[in-house]
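The lines below spell out each chain.
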Amino acid sequence: MRITKLTEKWILQTAEILYKEFADIDAWPDMDSAIQEVQESLSDNRLSLIAVDGDTVTGWVGGIPTYGGRVWELHPLVVARKYQGQGIGRLLVLELEKRAKELGGLTLWLGSDDEKYQTSISGIDLYPDVWQHMRDIRNIKNHPYEFYQKLGFVIVGLMPDANGFGKPDIYLAKRILG
Ligand SMILES: CC(C)(COP(=O)(O)OP(=O)(O)OC[C@H]1O[C@@H](n2cnc3c(N)ncnc32)[C@H](O)[C@@H]1OP(=O)(O)O)[C@@H](O)C(=O)NCCC(=O)NCCS
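Every value quoted in this text rests on a predicted model; they were computed, and no experiment measured them.

Reading the values: rules and limits
Residues numbered from 1 in each chain as written. Predicted model: local features only at pLDDT ≥ 70, side-chain atom pairs only at ≥ 80, totals over all residues. Helix = DSSP H or I, 4+ residues; strand = E, 2+ residues; numbered from the N terminus. Rg over C-alpha atoms; globule rule 2.2 N^0.38 Å. Contact = placed C-beta atoms within 7 Å. Domains from an automatic or database assignment. Nonpolar A, V, L, I, M, F, W, Y, C, P; charged D, E, K, R; others polar. Core = buried A, V, L, I, M, F, W, Y, C linked by C-beta atoms within 7 Å. Buried ≥ 20, exposed ≤ 12 C-beta atoms within 10 Å, placed from the backbone. Near = placed C-beta within 6 Å. Pairing = 2+ DSSP bridges. Axes fitted to C-alpha atoms, helices over the stretch in contact; angles between N-to-C directions. Expected span 1.5 Å × (residues − 1).

A. A look at the overall build of the protein. Scanning the protein from N- to C-terminus turns up five helices and seven strands. In the protein, the succession of α and β elements from N to C terminus is β-α-α-β-β-β-α-β-α-α-β-β. Whereas a compact globule of 178 residues would reach a radius of gyration of roughly 16 Å, the protein reaches 16 Å, a difference of no more than 12%. Within the protein, residue pairs in contact and separated by at least 24 positions form 57% of the contacts whose partners lie at least 6 positions apart.

Structural data, given as structure tokens:
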């Protein structure tokens, strides 16, 4: 398994993973939208890395510079179903972190939606005690926020109802250590 920069020849395979893994929430409703997302990650200022096993793309992570390059948004991250749970997601995030640091980044952050009622902060009205709900969050059905916590990310905020009532977005950030 190697981590390498995404190039033109891997676009279709990468888009297929994105399309399939997010099919249940309709984030990329068809292959065209998935291909467009992957193509956009090839913009000059961005980072776009894939995990490759032989000739097969197994995962993808993208990074977008914000705040003058001091803060990098991780978007998106996906590992193909049959390769999940083998440490590929961790490898991709750590490599993104390393490269963002080399480019002057201090922080990596992301929003991780809860559209499928996977945590204790979904399906309910979070107002007015938003912070208390955030502090007491529990993972009910394998929401990936815990994956990020294992890599050193901390929950820094949330957006109630980001994806409809009771479907928040969870914000996580990590100081980049290189
Ligand atoms: C979330 C995702 C990227 C994780 O990638 P992965 O390669 O399966 O994860 P890894 O094998 O590197 O896991 C690293 C650690 O996180 C844990 N972990 C992984 N997914 C987890 C989850 N959903 N909930 C809790 N812990 C999780 C693993 O058990 C492992 O723990 P360990 O170090 O104690 O053994 C992958 O499952 C995925 O692509 N899911 C679908 C798309 C998605 O949700 N993307 C993220 C959107 S924000």
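That was the structure; now back to the text.
B. Representation of the domain arrangement of the protein in the model. Once the domains are mapped, the protein shows domain 1 (1–88) and domain 2 (106–178). Taking only C-alpha atoms, the centre of domain 1 and the centre of domain 2 are 21 Å apart. Counted by class, the side of domain 1 that touches domain 2 contains four nonpolar, one polar and two charged residues.

C. Summary view of the nonpolar core. Counting 37 residues, the largest nonpolar core has Leu18, Trp60, Val61, Leu74, Leu92 and Leu96 as the members making the most contacts within it. Residue contributions to this core reach at least three from each of two domains, namely domain 1 (1–88) and domain 2 (106–178). Ignoring any residue separated from it by four or fewer positions in sequence, one finds leucine 74 in contact with Val61, Gly63, Val93, Leu96, Leu108, Trp109 and Leu110.

D. A look at the site of the ligand. Taken together, the neighbourhood of the ligand is formed by 17 residues, with Gln84, Gly89, Arg90, Ser112 and Glu146 sitting nearest. Listing elements by their share of the shell around the ligand, those giving two or more residues are β4 (71–79), α3 (88–102) and α5 (145–150). Of the residues that constitute the shell around the ligand, the class distribution is six nonpolar, seven polar and four charged.

E. Representation of the sheet that holds strand β7 (residues 169–175). In spatial order, the strands read β1-β2-β3-β4-β5-β7-β6; together these seven strands make up an open sheet with mixed pairing. Lying at the two open borders of the sheet, with one neighbouring strand each, are β1 (2–5) and β6 (154–159). Taking each pair of neighbouring strands and ignoring which way they run, the sheet shows an average axis angle of 25 degrees. With three bridges joining them, β4 and strand β5 (residues 107–113) adopt parallel strand pairing. In the strand pairing of β5, valine 71 is matched with threonine 107. With respect to the sheet, helix α1 (residues 11–21) is in contact with β2 (47–53), β3 (56–66) and β4, its orientation differing from that of β3 by roughly 85 degrees.

F. Summary view of the environment of isoleucine 176. The residue isoleucine 176 is located in the segment after β7 in this model. Sequence-wise, isoleucine 176 and isoleucine 137 are 39 residues apart; in three dimensions their C-alpha atoms are separated by 24 Å. Look past the residues within four positions of isoleucine 176 in its chain and what remains in contact with it is Glu97, Ala100, Lys101, Gly105, Leu106, Thr107 and Leu108.

G. Inspection of α3 at higher detail. End to end, α3 covers 21 Å across 15 residues, agreeing with the expected 21 Å (1.5 Å per residue, within 8%). The inward-facing, buried residues of α3 abut β1, β2, β3, β4, β5 and α5. Directly beyond the C-terminal end of α3, a positive phi value near 100 degrees is found at glycine 104.

H. Structural detail: the pairing of β7. Sheet topology places β5 next to β7; seven bridges connect them, and they run antiparallel. What sits directly across from tryptophan 109, in β7, is alanine 173. Here β6 runs beside β7; their pairing, made up of five bridges, is antiparallel. Its bridge partner being in β7, leucine 158 is matched across the sheet by isoleucine 170.

I. Layout of the environment of aspartate 26. For aspartate 26, the location among the structural elements is in the loop between α1 and α2 (31–40). Taking the number of C-beta atoms within 10 Å as the measure of exposure, aspartate 26 has 10 and is therefore exposed. Separated by 25 residues in the primary sequence, aspartate 26 and alanine 51 have C-alpha atoms spaced 24 Å apart.

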